[in-house]
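# What the coordinates show
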Amino acid sequence: MEKPKILIVEDEFVTSTNIKILLRQSNYDVIGIVDNGASAVEVINKHTPDLIIMDIGLQGSLDGIDTYNLIKKINIIPVIYITSNSDSETIKRAKESGGESFLTKGPTIKEQLIPLVEFALYKSKIEKEIKKTRDDLIDSEEKFRKIANYASEAIILLDKDGKISFWNNAAYDIFHYTEEEVIGLNFTNLIIPEDKVIFYQKMFSGFKLSESEGLFCKSIEIEALNKEKVKIPIEISISTLKIKGELSACAIIRDITTRIENELEFKKLIEELQISKDIIEQNAMEVNDLNIKLSESEELLKELNSSKDKFFSIIAHDLKGPFQGLIGYTDILAHNIESLSKEEIADLATQMHYSATNLLKLLENLLHWSRLQRGIIEIIPENFDISTLVDMNFNLLSTNAKQKNIKLINNIKSGCMVFADLNMVNTVLRNLTSNAIKFTYIDGSIIAECNDLDNEFIEISINDNGVGMSQTIIEDIFKLEKKITTLGTQNEKGTGLGLVLCKDLIEKNGGSIYVTSELGKGTSFKFTIRKSVTI
C-alpha cells in the first residue's frame, strides 16, 4: 500500500525536523520540507501530496493562511495548521480558509501530531469517497451502510425536511440513541439545546434552498445534546446531495470534547509558563534590590542571608537532580541515537518529559515560597465556601487519582463558610490532595472532612488510607532544613517543598497545620482556618 504523502511548510528547522521524524516513524512519506509560501506553491504545481502541514506564521509576504488560499486554486488538499498564536483573528482566518485542525507548537506536539494527521487523512478520504461515489453509493444503501458503520465519525443522512433517514454506529456512540429511536425524527429538535433550537433550525435549513454541494464545506463547532440531555461539543460538516432525485443532506460529526479539554489545558499551561517567566524576572530584580538594602541593618542582613542561603541551597540541591537527568538523557540521544530502537528513544523521551514536569512543579513551589519569605504576597482574606474549593481541587486532580483508581470523597457539607485568603488555601488543598494521591495505593480512597472546633476556627482534614509515616518523619515533615522526600506508591517523585509551603500559607492566615499517621494504615493532614465573618 502506498504511503500517504505529506508536505511540510515550516520555517523553523527544529520544528520541521521533529515533525518529519514523527511522520516517518508512523510510516508516512514526507515528500518535502519548504520554509516559505512561494516554495510551497511551486511544489504543489509539480506534486500532489495527500496532506499539507502548514505553519501559519511563515516569514515573507505570504503567511500560511494566504499560501493555502493560493494552493486551493491549484488543488484541494487538506491542511493542518501549525501555530503558536492563539489570537481570535488568526483562528478565524484559519477556519475560514478550510483548515482541518490546529497543531500547537511546544512539548505536546508529539501527542498532537499523529492523531490529527490520521483524522485529517481519514476525513479527506471519506469526503473524497463520498463525492466520488455519491450517486452510485446512495443507490446501494446496504453498501453505504456497511461503509458508514465502520467510520469513527458519526454519519447522519437527512431528508429534505431535515428528518433523519440514516444513523450509523458512531452516531450512537456520540448521542446514545439507537437508529430505531431516531429514524424519522427532526435532526435539530433531537440534538440541539432548547435555547439554541431556533438559531440552529435557521442555520441548518440552508440546504433546502440550494442543490450546491457543501452547505458547510468547512467544519463548524457547536454544542449538542445526547440522549441524557448532557451538552457535548461537536464538530459538524454538512453536504447536500441527491438520493433518488430528492435533495438530502449528509452530516459528518465528531465528538471534540477531548480536543477542547486538551486545548484549554495547553492554553492554561502556556499562560502559567508565561506567568512563571514574569515572576522569575521580577524576583531577579527584587533580589538585586534586596542585596542593596541589606547593608542598612546588620540584624536584617543576618536574617536575610539565612533565608537566602536556605533558598539557594534548595535550588542547588533540587534542581541538580532533574537537570542531571535531562543532560544524561540528551547525552544518550546525542551520541547513541543511531543505535537506539524506537522503543528506547520513546522511553528516553518519556523520562525527559517526567523530569521536566517535576522541575516545573518544583519551580512553582520555590517561587511561591520565596515570595512568602520576602513578604511580597499580600494576604486578602474573604468569605468563601470551603466545600466548593475542595470540589474544585478534587476535580482538578481527578485524572491523577483515576490512574490509580483512587476515590476522592468530599464529606464537607456545602455552605461551610470560612474567612481566609482563597488563593492560599487553594494552594494548600492542591498540595495536600496531590500528596495523598501520591502515597495512596491503587483502589484506595481520600476523604475531605470538616470539624467545628466550637471557637472561631474550623478544622479541615485530608485523610488517606495509604502507606502512612513513621513518628520520625512526622516530627520533621514541616522543617525546611530536613527536606524529606520519599517516593510514592508508584515511584512518583515530589519537590520536597510542598508541605513547608502549606505550613507557611496556613500560618499566614492565622491557622495551624499538623499531621497524624500510622504506618500501613494511612495519614491525616489537618489545618485550622477561621470561620466566616460578617463584613
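First, a word on scope: everything that follows refers to the structure included in this document. (Residues numbered from 1 in each chain as written. Predicted model: local features only at pLDDT ≥ 70, side-chain atom pairs only at ≥ 80, totals over all residues. Heavy atoms only, no water.)

What follows covers the pattern of salt bridges. All told, the structure shown has 18 salt bridges when counted by the stated rule. Where Arg-93 meets Asp-63, a salt bridge forms, and the shortest distance between an N and an O atom there is 3.1 Å. Taken together, the residues span a long stretch of sequence, with Arg-93 in helix α4 (residues 88–97) and Asp-63 in the loop between β3 (51–55) and α3 (64–74) at a distance of 30 residues. Using a relative accessible area of 28% as the deciding quantity, one classes Arg-93 as partly exposed. Two residues, Arg-530 and Glu-456, come together in a salt bridge whose shortest N-O distance is 3.4 Å. Linking Arg-530 in strand β17 (residues 522–530) with Glu-456 in the loop between β14 (445–452) and β15 (457–464), this pair joins segments that are 74 residues apart in sequence. (Salt bridge = Lys/Arg side-chain N within 4 Å of Asp/Glu carboxyl O. Helix = DSSP H or I, 4+ residues; strand = E, 2+ residues; numbered from the N terminus. Buried < 20%, exposed > 50% of the residue type's maximum accessible area, 1.4 Å probe, protein only.)

Our next topic: the sheet that holds β17. Pairing is mixed in the open sheet, where five strands are placed in the order β12-β14-β15-β17-β16. Of all the strands in the sheet, the pair left with one neighbour each is β12 (407–410) and β16 (513–518). Across this sheet, the average inter-strand angle for adjacent strands is 15°, counted without regard to direction. Both β12 and β14 contribute to a ladder of four bridges, which runs parallel. Bridge pairing in β14 places Lys-407 opposite Ser-445. (Pairing = 2+ DSSP bridges. Axes fitted to C-alpha atoms, helices over the stretch in contact; angles between N-to-C directions.)

Let's shift gears to the sheet that holds strand β1 (residues 5–9). The parallel open sheet is built from five strands, whose spatial order is β2-β1-β3-β4-β5. What marks the edges here is a single partner per strand, and that holds for β2 (29–34) and β5 (101–104). The average angle at which neighbouring strand axes cross in this sheet is 20°, direction not considered. The sheet contact formed by β3 and strand β4 (residues 79–83) spans four bridges and is parallel. What sits directly across from Ile-52, in β4, is Val-79.

Two elements, strand β6 (residues 154–158) and strand β7 (residues 164–167), share three bridges in a ladder whose sense is antiparallel. In the sheet register, Leu-158 faces β7, and the bridge partner there is Ile-164. What sits between β6 and β7 in their antiparallel hairpin is a turn of five residues, with Gly-162 showing a positive phi close to 80°.

The subject of this paragraph is the packing of aromatic side chains. A full pass over the atoms with the stated rule returns four aromatic pairs. Between Phe-478 and Phe-525, the aromatic rings sit 6.2 Å apart at their centres with planes inclined by 85°, giving edge-to-face as the arrangement. Pair noted here: Phe-478 is in the loop between α17 (471–476) and α18 (498–508) and Phe-525 is in strand β17, with a separation of 47 residues, a long-range link. Residue Phe-478 is classed as buried on the basis of its relative accessible area, which comes to 16%. Linked through ring pairs, Tyr-68, Tyr-81 and Phe-102 together constitute an aromatic cluster. Above the ring of Phe-119, the side-chain terminus of Arg-254 is found at 3.8 Å from the ring centroid. (Phe/Tyr/Trp six-rings, centres within 6.5 Å; stacked < 30°, edge-to-face > 60°. Lys NZ or Arg CZ within 6 Å of the ring centre and 35° of its normal.)

Note that every value here comes from positions in space, so none of it alone points to a role or purpose.
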